[in-house]
Every structure is written in structure tokens, then in C-alpha cells.
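What follows is each chain in one-letter form.
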Amino acid sequence: MTRELRMLGTNSKSGECPTLYEDVETGEPLVKGYTVTDPEVLAQMANPLKGESLVVVDRALLVNFAPKE
């Protein structure tokens, strides 16, 4: 399944910072950010499914661009 994304916003002028997207069809939010790789941090995730991970997100990105609904 190919997702069509709509960019909701970024706090960056160069495109190198986390960016918030929305799946056009489902409305699901997606975030571009740095993937957490520290095994001790990942071990704290509750019931991770195959393919799941953590991504660091700047709080201001969510405050400024996340849907309010």
C-alpha cells in the first residue's frame, strides 16, 4: 500500500528537522525524526510489535502543527 502524504509542518527552514505529515486517506499522523537506537531506552517500550520503534519529536512541532481534533 502506497501512502499519499501531506506535510503539516516543520520547525525547520532547511528541511533537516522533524516534520509532521498526515496520511491523506486515513488521517494518520506520521513524523520524520531521529530514530532512537539506544537498547536501554527501547527496552522500556511496552509490547513493541515487529517494525515498531521510537522517534524523537520536538514538542513544538506537535504544538504548532498537530491537528487539534
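We now turn to the structure provided with this report. (Residues numbered from 1 in each chain as written. Predicted model: local features only at pLDDT ≥ 70, side-chain atom pairs only at ≥ 80, totals over all residues. Heavy atoms only, no water.)

Examining unusual backbone geometry
Move 1: Phi is positive for Asn47, which is not a glycine, with a value near 50 degrees.
Move 2: The class of Asn47 is exposed, set by a relative accessible area of 70%. (Buried < 20%, exposed > 50% of the residue type's maximum accessible area, 1.4 Å probe, protein only.)

Some words on the pattern of salt bridges
Move 1: Using the criterion set out here, one finds three salt bridges in the structure.
Move 2: Ionic pairing is found between Arg3 and Asp23, a salt bridge with its closest N-O pair at 2.9 Å. Here Arg3, found in the segment before strand S1 (5-10), pairs with Asp23, found in strand S2 (residues 19-23); they are 20 residues apart in sequence, far enough to count as distant.
Move 3: The exposure class assigned to Arg3 is partly exposed, which follows from its relative accessible area of 38%.
Move 4: Here Asp23 falls in the buried class, since its relative accessible area comes to 2%.
Move 5: Among the salt bridges present, the one from Glu28 reaches Arg3, with a minimum N-O distance of 2.8 Å. Note that Glu28 is positioned in the loop between S2 and strand S3 (29-32) and Arg3 in the segment before S1, a separation of 25 residues in sequence.
Move 6: Connected via shared salt-bridge partners are Arg3, Asp23 and Glu28. (Salt bridge = Lys/Arg side-chain N within 4 Å of Asp/Glu carboxyl O. Helix = DSSP H or I, 4+ residues; strand = E, 2+ residues; numbered from the N terminus.)

Brief notes about the environment of Phe65
Move 1: Here Phe65 lies in helix H2 (residues 59-65).
Move 2: Residue Phe65 is classed as partly exposed on the basis of its relative accessible area, which comes to 25%.
Move 3: Here the alpha-carbon distance between Phe65 and Tyr21, two residues 44 residues apart in the chain, equals 9.1 Å.

Details of the pairing of S3
Move 1: Pairing of S2 with S3 involves four bridges; the strand directions are antiparallel. Along S3, the bridge assignment pairs Glu22 with Pro29.
Move 2: Counting the residues between successive antiparallel strands, the hairpin from S2 to S3 contains five residues, one of them, Gly27, with a positive phi of roughly 80 degrees. (Pairing = 2+ DSSP bridges.)

Read these as spatial facts, not as claims about activity.
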